[in-house]
Amino acid sequence: MQQFPRLDAKSSDPVTESPNAKDVAFMDEDGLQLLLHRTWNIVESFAVSFCALNFVGGVRAIFFLGLAAGGPAAVWSSYIITVVLMCITAAVLAEICSVFPLSGSIYIWAAQSAGPKYGRFFGFLVAWWSCTAWMTFVANNSQAAASYLVSILVVYDVEFPGGIDTSNVKWRAVIWAFSEMLFIMGIVLNYLPTKWYSRVFQFAIGLIMLDFVLCLTWLPIGVSRTYGFRSAKEVFRGTANGTGAPPVWNWMLSFVFTVGTLVGFDASGHIAEETKNASIIAPRGLFSSVVASGVLGFAATLLFLFCVPDSDTLLTLHAPQPFVQIYTLALGRRGAIFMSLLASVGLILTTSMVVVAGSRLLLAVARDGALPGSKWIGQVTHDGQPRNAVTVMFIFGAAILCTILPSQVAFASLVSAGGVLNIAAYALIASLRLIFTPNSFLSTRFKLGIFRKPFYVATAIFNTFVLAVMLSPLVFPVSKENFNFSCVILGATSIFAALSWWFMPDAQWLRKDRLGQMYNAAENSNLQITSRTS
């Protein structure tokens, strides 16, 4: 391990030649040191967000929450609204991503969106939110992958001591062991050489699409030969209230499902320093991943609405991942095992992509010495890989998974906050752009034109609304068993962020002079554009 040498924009190294020279020069102007390799392109930029979202795995993970909240009619209609407005959200983030294509991008975007006066505070706030979110994502994905494997025991009617129930500590121990094992598999992939990992990106896209294609073809064939499809009337007009909430709010809770499948697309920004021509490629990768995931996720949602059994049958499904039993009913045991293994491998790859994004976020935070052990975390290999940051992701992710052992409720509460914190960051960045910097950063190469301010408004309103829904009780009446701790976690991380901002010296992290230098560099580019067009 060593500190990767600083690369100069005039270097003869082919990695820093045009079109990369502009991105390296940008970092030089901002007083930043390029530590990472810069060899990835549009495929990797798209893949890291597309695979982190894993549209088909995401839909299956919380599909039944959507059915309980409003029923089929709420699920598909809310999904259409979500796809449109999350694409607008992605466009807003892509715009500023083009101006500041840096590792750990999202807290830099927040800081710059607030302007020089308030930037440091909001940078701290979003850094805490984002770091916490990506730590929980890896644990959540690993546990989701394990749920497919342990559900196979239900398919074969295996008798487990104490029963297959989360109230059984022995059963929780099994889930924990499988989760940790699959998490290690996802982590190991991140220690591969840079060139090899590019193939992991490509393989992950192919595997997720294979999963979707089989669901699109094999599953309907199986359903038609067994229990049959749901009617169009039931899919498009059917309602339900499995949350106990008032009717209107029960419908609103369907957005927890729809938005939950499209959170985390900022991953493309986190690998921007490793992306060639990042000011163009990174925002394109970010935006295109949301469009693709949204459209395909909607198709998967409609597919599953037609293919799941009737409500009475669904109530009898008791596996940790009910889709394993649905596959059994439609495809038989062997088909269910194959689809379960495919889904589990897909989620392992998703975990690996999340680690890629999260480790770059940690590296960025450590770059200025904000973390204990920052010098060690900030080290990279000779080929520009932040393997120490990957190790830190493993330590924290494994620790979060350990909360499964004392209480499944505690674990679920922790990981549920990941999406909440990211949605809060999306809402905040759009609000800051609208209030403090509505006419700044016109040098972006992802231009929104006349739609810029309307997009800020739409993004701020929609994500604030979704945040309120995600913080509300998910089941009524509220009890200690079903209490939604997301509000507690959001509040706690915000307090820690405020305390860090107050007590951490300006010279130690997110220095005002450096933020000002970055802001002025972007504004100077704006002036050049204005002078050329006037």
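Keep in mind the model is a prediction, meaning the values are calculated, not measured.

## Examining the pattern of salt bridges
Reasoning step 1: The full count for this structure, using the stated rule, is 8 salt bridges.
Reasoning step 2: Here Arg 511 ties to Asp 513 by a salt bridge, and the two come within 3.1 Å at their closest N and O atoms.
Reasoning step 3: Residue class for Arg 511 comes out partly exposed when judged on its relative accessible area of 26%.
Reasoning step 4: Look at Asp 513 and you get partly exposed, because its relative accessible area is 48%.

## A look at the packing of helix α19 (residues 452-471) against helix α20 (residues 486-503)
Reasoning step 1: Between α19 and α20, whose axes approach to 8 Å, the crossing angle comes to 120°. Considering the angle they form, α19 stands oblique to α20. Between α19 and α20, the residues in contact are Leu 467, Met 470 and Leu 471 and Ser 486, Cys 487 and Leu 490, respectively.
Reasoning step 2: Here the residues of the contact of α19 with α20 sort into 5 nonpolar, 1 polar and no charged.

## Concerning the state of the cysteines
Reasoning step 1: Here the structure, examined in full by the defined rule, presents 0 disulfides.
Reasoning step 2: Cys 87 takes part in no disulfide bond, and the closest cysteine sulfur to it belongs to Cys 97, at a distance of 16 Å.
Reasoning step 3: On the accessibility criterion, Cys 87 (16% relative accessible area) is buried.
Reasoning step 4: Judged by relative accessible area, Cys 97 falls into the buried class, the value being 0%.

## A short note on the confidence of the model for the protein
Reasoning step 1: Taken residue by residue, the protein gives an average pLDDT of 88. The fraction at 70 or more is 91%.
Reasoning step 2: pLDDT under 50 marks residues 1-18. Its contacts with residues more than four places away, or in other chains, come to 49 contacts.

## Observations concerning the packing of aromatic side chains
When we look at a pair of aromatic rings, we describe it by the centre distance and by the angle of the planes.
Reasoning step 1: Summed over the entire model, instances satisfying the criterion amount to 36 aromatic pairs.
Reasoning step 2: Seen in terms of ring centroids, Phe 63 and Phe 304 are 6.1 Å apart; in terms of plane orientation they differ by 75°. Their pairing is edge-to-face. With Phe 63 in helix α3 (residues 55-68) and Phe 304 in helix α13 (residues 278-307), the pair connects residues that are 241 residues apart, well separated along the chain.
Reasoning step 3: A residue is classified by how much of its surface remains accessible, and Phe 304, at 0% relative accessible area, is buried.

## As for unusual backbone geometry
Reasoning step 1: A cis amide bond links Phe 476 with the next residue in sequence, Pro 477, at an omega value of -10°.
Reasoning step 2: When you line up the elements, Pro 477 lands in the loop between α19 and α20.
Reasoning step 3: Even without being glycine, Asn 277 reaches a positive phi, approximately 50°.
Reasoning step 4: Counting through the fold element by element, Asn 277 comes out in the loop between α12 (267-270) and α13.
Reasoning step 5: Positive phi, normally seen in glycine, also occurs at Leu 510, with a value near 50°.
Reasoning step 6: Locating Leu 510 in the fold gives a position in the loop between α20 and α21 (512-533).
Reasoning step 7: A relative accessible area of 5% means that Leu 510 is categorised as buried.

Analysis parameters
- Residues numbered from 1 in each chain as written.
- Predicted model: local features only at pLDDT ≥ 70, side-chain atom pairs only at ≥ 80, totals over all residues.
- Heavy atoms only, no water.
- Salt bridge = Lys/Arg side-chain N within 4 Å of Asp/Glu carboxyl O.
- Buried < 20%, exposed > 50% of the residue type's maximum accessible area, 1.4 Å probe, protein only.
- Axes fitted to C-alpha atoms, helices over the stretch in contact; angles between N-to-C directions.
- Helix = DSSP H or I, 4+ residues; strand = E, 2+ residues; numbered from the N terminus.
- Parallel < 35°, antiparallel > 145°, perpendicular 65-115°, else oblique.
- Contact = heavy atoms within 4.5 Å.
- Nonpolar A, V, L, I, M, F, W, Y, C, P; charged D, E, K, R; others polar.
- Disulfide = S-S within 2.5 Å.
- pLDDT = per-residue confidence, 0-100.
- Phe/Tyr/Trp six-rings, centres within 6.5 Å; stacked < 30°, edge-to-face > 60°.

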